[in-house]
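# Chain and residue survey
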Amino acid sequence: MNSLQWGSLYYLIIHLSAIRGSKELNSTSLQCQENSSQSELNSFLWTLERDPPSYFFGTIHVPYTRVWDYIPLSTKNAFRNAENVYFELDLTDGKTAAALTNCKMLSDGITLSDILSKRLYRRLTRYMDYVKKQIADWTGKEQRGRGIKTDYYSDYQYRAIVGSWQRMKPVWLMLLLNSLTESDVRLFGVPVLDLYLSRQASQWNKKIGAIENVADQCEPLNQLNQTQVIFALDETLRHHEQQRKKSQTMPENEELISHYNCGDLPSILLRKSTIRVDLNSVEDGGQSEMAHQVDDYFRQKLLYNRNQIMAERIEQLLNNNPSQSFFFAVGAGHFLGNNSVIDKLILKDFPIKHTRPESIIPNHSNQDSRYMPAEFSQLDSSAIINQQYIQTIKKLDQAATIRTRPIRHGKKKTQKR
């Protein structure tokens, strides 16, 4: 699963974590600026009050440069102080990445054209052709100014992001469609927040772990019945086709990032259903019922069931290692709403409290100096992308040279008998 698809899965989780009946705010009027005052920043940090303390940080699966400046010092210091850092999955592990890729693909020899209607498959093909042109437009202007061969790179970028979409399972293609935003495509190659923290933890010699395995995330998605998943894919595609006609480019992820940076995620939890369909506008009662069934399925399988699994594994880690400090970095949706991981741990008598952004995080009495680095690594997103361009162009130029190299015809040598 690439970072764009993971981000879309995060967006799905955020909506599933809604508290039914919560008050909605007017998100379109929300504008959150970088603030010098720590008290005005967001805080998705909770502290387990024991000696040494442990921490729970709600992340967002988007390029880290989109949110890093809005994360308060209290969260960053908690990360510095912790000896152990645990994520949903260890994305730096090659086997994990391979298993994620494998779980989203159809069986060998089967493509989407074999399981989708001809009409739906044609619509998908047209939309993917449109996306390919959009990627060239989104990234081409800036790179042309640098003298970069944009045709090469936009083609590479399309293939790297979209991959063999014809062989994806429909539910994973649905997530992919929701992730193709201009801002994320422009920052393709920049690590998402979780991956950035994982690399930072590795650089600082912290112990890295995962509280889930690949099956915990893959099976709930892959077990949705075929009728429901094709319905969800069709409605998701219809939503984006309508956005295309309106010349809009999927503002939902931008809205989510804005609310995350402002510490205001709960206000959008009920704004939309899991799939991109306005349930109030569905005229067919059967379709409306199907949409609710899909939403309820994902809420139970992707949110509530996983929250229970996460809470049990975190409880075991904390009980087995009372003298160690942990930093659990998990999608914020799992820490919000009813039946959250935080709720379940509090019911187990863990004294957990929300941590305000201006809070002082004390140094741990047993903290080894190697866990106390001075600064975080600041990755230059433009440098990452430019380096990616350069490496790609070199490879493509080499391949083109080999394909176009003239064949030299020489005289055949005759062997003497």
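Residues numbered from 1 in each chain as written. Predicted model: local features only at pLDDT ≥ 70, side-chain atom pairs only at ≥ 80, totals over all residues. Heavy atoms only, no water.

### Observations regarding the overall build of the chain
A count of helical and extended segments in the chain gives 15 helices and 6 strands. Taken across its 417 residues, the chain has 52% of its residues classed as buried. Within the chain, counting contacts between residues at least 6 apart in sequence, those at least 24 apart form 86% of the total. Accessible surface for the chain amounts to roughly 20400 Å². Of this, 47% is attributable to carbon and sulfur atoms. (Helix = DSSP H or I, 4+ residues; strand = E, 2+ residues; numbered from the N terminus. Buried < 20%, exposed > 50% of the residue type's maximum accessible area, 1.4 Å probe, protein only. Contact = heavy atoms within 4.5 Å. Areas by Shrake-Rupley, 256 points an atom, 1.4 Å probe, with all protein chains shown as cover.)

### Observations concerning the state of the cysteines
In the structure shown here, the tally under the stated rule is 1 disulfide. For C103, the disulfide goes to C218, at an S-S distance of 2.1 Å. An S-S torsion of about -60 degrees defines the bridge between C103 and C218 as left-handed. Of this pair, C103 sits in helix α3 (residues 94–103) while C218 sits in helix α10 (residues 214–222), placing them 115 residues apart in sequence. With respect to class, C103 is no different from C218; both count as buried. (Disulfide = S-S within 2.5 Å.)

### Considering the environment of R306
If you trace the backbone, R306 turns up in helix α13 (residues 285–320). Note: C-alpha distance between R306 and S340 (34 residues apart in sequence) is 9.6 Å. Within the structure, the side chain of R306 is placed 2.8 Å from the side chain of E212, a separation counted as a polar contact. (Polar contact = N/O pair within 3.5 Å; in protein donor to acceptor, adjacent residues only side chain to side chain.)

### A word on the packing of helix α7 (residues 170–179) against α10
At a minimum axis separation of 9 Å, α7 and α10 run at an interaxial angle of 105 degrees. Between α7 and α10, the interaxial angle falls into the category roughly perpendicular. Across the interface between the two elements, V171, W172 and L175 of α7 pack against C218, L221 and N222 of α10. Broken down by class, the residue content of the contact of α7 with α10 amounts to 5 nonpolar, 1 polar and no charged. (Axes fitted to C-alpha atoms, helices over the stretch in contact; angles between N-to-C directions. Parallel < 35°, antiparallel > 145°, perpendicular 65-115°, else oblique. Nonpolar A, V, L, I, M, F, W, Y, C, P; charged D, E, K, R; others polar.)

### So, the nonpolar core
Grouped together as the largest cluster of nonpolar side chains are 50 residues, with contacts concentrated most on F56, L193, F327 and F328. In this structure, L193 is in contact with F57, T59, I60, V62, Y64, V67, W68, I71 and Y260, ignoring residues within four places of it in sequence. Judged by nonpolar contacts, the second largest core, of 45 residues, contains L100, I135, L233 and V294. (Core = buried A, V, L, I, M, F, W, Y, C linked by side-chain atoms within 4.5 Å.)

### Considering the pattern of salt bridges
With the rule as written, the count across this model stands at 11 salt bridges. Here E49 makes a salt bridge to K353, at a shortest N to O gap of 4.0 Å. Of this pair, E49 sits in the loop between β1 (45–48) and β2 (54–59) while K353 sits in strand β6 (residues 352–354), and the two are 304 residues apart along the sequence. The network of salt bridges with common partners includes R123, D234, E235, R238 and E241. (Salt bridge = Lys/Arg side-chain N within 4 Å of Asp/Glu carboxyl O.)

### Notes on the sheet that holds strand β3 (residues 84–87)
The 6 strands lie next to each other as β4-β3-β5-β2-β1-β6, forming an open sheet whose pairing is mixed. The sheet terminates laterally at β4 (207–210) and β6, the two strands that pair on one side only. Each adjacent strand pair in this sheet contributes to an overall mean axis angle of 20 degrees, direction not counted. (Pairing = 2+ DSSP bridges.)

### Here's the deal with the pairing of β3
Residues N84 and Y86 of β3 are buried on one face, and the alternating residues V85 and F87, pointing to the opposite face, are buried as well. Judged from the 4 bridges that link them, β3 and β4 form a sheet pairing that is parallel. Bridge assignment links V85 to a residue of β4, and that residue is I208. Direction of pairing for β3 relative to strand β5 (residues 326–331): parallel, over a ladder of 4 bridges.

### Looking at the packing of aromatic side chains
Geometry of an aromatic ring pair is reported as the spacing of the ring centres plus the angle between the planes. Scanning all chains against the criterion turns up 16 aromatic pairs. Arranged with centres 5.9 Å apart and planes meeting at 50 degrees, the rings of F79 and W204 form a pair that is tilted. Linking F79 in helix α2 (residues 73–81) with W204 in the loop between α9 (193–203) and β4, this pair joins segments that are 125 residues apart in sequence. The same class applies to F79 and to W204, which are both buried. (Phe/Tyr/Trp six-rings, centres within 6.5 Å; stacked < 30°, edge-to-face > 60°.)

### Points about helix α11 (residues 226–245)
Taking 1.5 Å per residue as the helical rise, α11 with its 20 residues ought to reach 28 Å, and the 29 Å between its terminal C-alpha atoms agrees with that figure. Of the positions making up α11, those classed as buried are Q228, V229, F231, A232, L233, D234, E235, T236, L237, H239, H240 and Q243. Two or three places before T227, at the opening of α11, N225 has a side-chain oxygen 3.1 Å from that residue's backbone nitrogen. (Expected span 1.5 Å × (residues − 1).)

### Some words on the pairing of β2
Extensive coverage of β2 is indicated by the burial of 6 of its 6 residues. Judged by which residues are buried, β2 turns out to be covered on both faces: S54, F56 and G58 on one side and Y55, F57 and T59 on the other are all buried. Across 4 bridges, β1 lies against β2 in antiparallel orientation. Looking at β2, one finds that W46 is bridged to F56. Where β1 hands over to β2, the hairpin turn is made up of 5 residues, counted between the paired strands. As judged from the 5 bridges shared by β2 and β5, these two strands associate in the parallel manner. Residue pairing for β5: G58 is matched across the bridge by V330.

Purely spatial values, then, with no claim about function.
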